[in-house]
Amino acid sequence: MKRIKSFLAVLLAFAFILTATPLSGFAAEVADNGETTVTQPETNENETPETEEPAKEYTVTYYSNGKKYGDTQSYKAGEAIQPPQAPEAEEGHIFNGWVINENQDKLPETMPENDLEASASWKLKDINITFISDGTEVKKATVPFGSSVEETVPVDPEKEGYKFAGWFDENGKNVYEYKTVPSSDLTFTAKWLKNANVTYMMSKDKSFAAYEVTEGDKIPVPEKNPEKFAHKFKGWSPEIPEVMPAEDLVFEAQYEVDKDFVTVLIGGVLIAGGAIGLTAAAITGLSIVGGIIAVIGLSSIVGNITKTYKVTFKVDGKVYKTYNVEAGKKITVPEAPEKEGYDFAGWTPEIPDKMPKNDLTFEAKWSAKDTDIPDTGSSAAGLAAFAALAVSAAAAVLLIKKKKDK
């Protein structure tokens, strides 16, 4: 019984020691008599206790378009990698994440046991190109930035009564003015031109020529002018515009009496004098001359048609005055023009007494004004006058002296 009590006491003491000191720092010995002895190992005061080494860190360096981007990051193996904000994309490109190595592998989510270099990757932006005609979508293509616009253009649409004039954007730019796809979406709208008619009339109820013309095109004009008996063609009315509008156009021929055309009335019908030649004189007993209208069966002249001709007066090549003068009449002469430093010297060539049957042009003649005026106030004139006075004075003195000597 006594031995059991001793054993329990030793166990209690050992338990107390274990609660106060790590177990690894002690050694226990059991004697032959059953008693246990606990001893603490000897310690060396100069011995440094062992410590765990810190985990190694690895770096991630970022690049964008070949240049270092942002700060270099450090991570321990297994830690989550937090990339920087995506760099700004160039026109027509979209950021496509960070990649590593030549295989363009994606940057891992956690840090491996080695340093990393990550580069920004990019992809081309997809652009929508839409073609619309009369509010209806004809085609829509999604193509990458920088590709060919021409490849997206649909075949020309058709519309009854109209001509297709091309595809245009909101600024009026033709689709074929785009060489490559830009960085933003595009919408092109079909432009239509209405076909309209152009009619040329001899008179209000007689057509001369007609054309079908597309809006915006140049308006065709008949190659030959219409002819009207005893008249000259002057042109078309109203004035023909340069390009065709969206509505029909009608132009009417304009004429003036041909005063050089000989017209003869025979039996109530007008006949060109040139068509009957000299026989008209035998029929009428009249001479057929330019501008005379003769009436067959009558011995009187119905009337004379006179023609005016243009007289132009020019000064230094520029038109000064113009007049319309009948043949045989006196030519009107304008007032003499003026020109600084010159005197008017008449007109050249010489003006005839009466107006001939042709236009005339006269040019002003000039003569320079005479500016050589003697300078009475010059020093030479003053010296001459002084010398003359001196001689006169000397002569007077000599004359007086001779009178005294006598």
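Up top you'll find the structure we're talking about.
One numbering rule holds for all chains: residues counted from 1, following each sequence as written. Given that the model is predicted, a residue must reach a pLDDT of at least 70 before its local features are reported, and side-chain atom pairs must reach 80 or more before they are shown or counted; all residues, however, enter totals for whole chains, interfaces and linings. Side-chain numbers here rest on the full set of heavy atoms in the structure, without hydrogens or water.

> Could you give an account of the nonpolar core, with specific residues and numbers?
Generally speaking, nonpolar side chains in soluble globular proteins are found buried as a group. In these notes, a set of buried Ala, Val, Leu, Ile, Met, Phe, Trp, Tyr and Cys residues joined through side-chain atoms within 4.5 Å is what counts as a nonpolar core. Only protein chains enter the accessibility calculation, which uses a 1.4 Å probe. A residue is then buried if its area is under 20% of the maximum for its type, exposed if over 50%, and partly exposed in between. The biggest cluster of nonpolar side chains holds 16 residues, and the ones touching the most others in it are Ile129, Phe131, Trp167, Val175, Val181 and Phe188. Runs of E in the DSSP output that reach at least two residues are strands. Runs of H or I that reach at least four are helices, and both are numbered from the N terminus. At the level of secondary structure, the elements contributing two or more residues to this core comprise strand E9 (126-133), strand E10 (136-144), strand E11 (162-168) and strand E12 (186-203). Sorting elements by how many residues they give to this core places E12 first, with four residues. In this description, contact between two residues means that some pair of their heavy atoms is separated by no more than 4.5 Å. Contact partners of Phe188, with chain neighbours within four places excluded, come to Ile129, Thr130, Phe131, Ile132, Trp167, Phe168, Asp169, Lys173, Val175 and Tyr178.

> Account for the packing of aromatic side chains, with residues named and values stated.
Both the distance between ring centres and the angle between the ring planes are used here to describe each pair of aromatic rings. Any two of the Phe, Tyr and Trp rings considered here, Trp counted by its six-membered ring, make a pair once their centres fall within 6.5 Å; the pair's planes then place it as stacked at under 30 degrees, edge-to-face at over 60, or tilted in between. Here the structure, examined in full by the defined rule, presents 21 aromatic pairs. With 5.6 Å between their ring centres and 75° between their planes, Phe95 and Trp122 make a pair best called edge-to-face. Taken as a pair, Phe95 in strand E6 (residues 93-100) and Trp122 in strand E8 (residues 116-124) lie far apart in primary sequence, 27 residues in all. Assessed through its relative accessible area of 25%, Phe95 is described here as partly exposed. Residue Trp122 is classed as partly exposed on the basis of its relative accessible area, which comes to 23%. With a centroid separation of 5.4 Å and 65° between ring planes, the pair formed by Phe164 and Trp192 is classed as edge-to-face. Taken together, the residues span a long stretch of sequence, with Phe164 in strand E11 and Trp192 in strand E12 at a distance of 28 residues. Given the relative accessible area of 17%, Phe164 is considered buried. Charge-over-ring contacts are defined here by two conditions on Lys NZ or Arg CZ: a distance within 6 Å of the ring centre and an angle within 35 degrees of the ring normal. Here the basic side chain of Lys194 rests over the ring of Tyr162, its NZ or CZ set 5.5 Å away from the ring centre.

> Report on the pattern of salt bridges, specifying residues and quantitative values.
By convention in these notes, a salt bridge is any Lys or Arg side-chain nitrogen within 4 Å of a carboxyl oxygen on Asp or Glu. Summed over all chains, the structure comprises two salt bridges. Of the charged contacts in the structure, one is a salt bridge between Lys159 and Asp134, with a shortest N-O distance of 3.1 Å. Within this pair, whereas Lys159 is found in the loop between E10 and E11, its partner Asp134 is found in the loop between E9 and E10, the two being separated by 25 residues in sequence. Accessibility expressed as a relative area gives 29% for Lys159, which makes it partly exposed. Note that Asp316 and Lys339 form a salt bridge whose closest N and O atoms lie 3.2 Å from each other. Here Lys339 lies in the loop between strand E21 (318-326) and strand E22 (342-348) and Asp316 lies in the loop between strand E20 (308-315) and E21, a separation of 23 residues in the sequence. For Asp316, a relative accessible area of 45% corresponds to the partly exposed category.

> Any details on the pairing of E10? Residues and values, ideally.
Across eight bridges, the pairing between E9 and E10 is antiparallel. Among the inter-strand pairings, Asp126 is bridged to a residue of E10, identified as Pro144. Two strands make a pair as long as DSSP finds a minimum of two bridges between them. Between E9 and the antiparallel strand that follows it, E10, lie two residues; Asp134 among them carries a positive phi value of about 50°.

> I'd love a proper account of the sheet that holds E21, names of residues and values included.
In spatial order, the strands read E21-E20-E23-E22; together these four strands make up an open sheet with mixed pairing. Either end of the sheet is taken by a strand with one partner, and the two such strands are E21 and E22. If you compare each strand with its neighbour and ignore which way they point, the axes differ by 25° on average. Bridge analysis of E20 against E21 gives eight bridges, and the strand direction is antiparallel. Within E21, the position partnered with Tyr309 by the bridge is Val325. Angular values range over 0 to 180 degrees, each being the angle between N-to-C directions of two axes fitted as lines to C-alpha atoms, with helices fitted over their stretch in contact.

The quantities given are spatial measurements derived from coordinates; they are silent on function.
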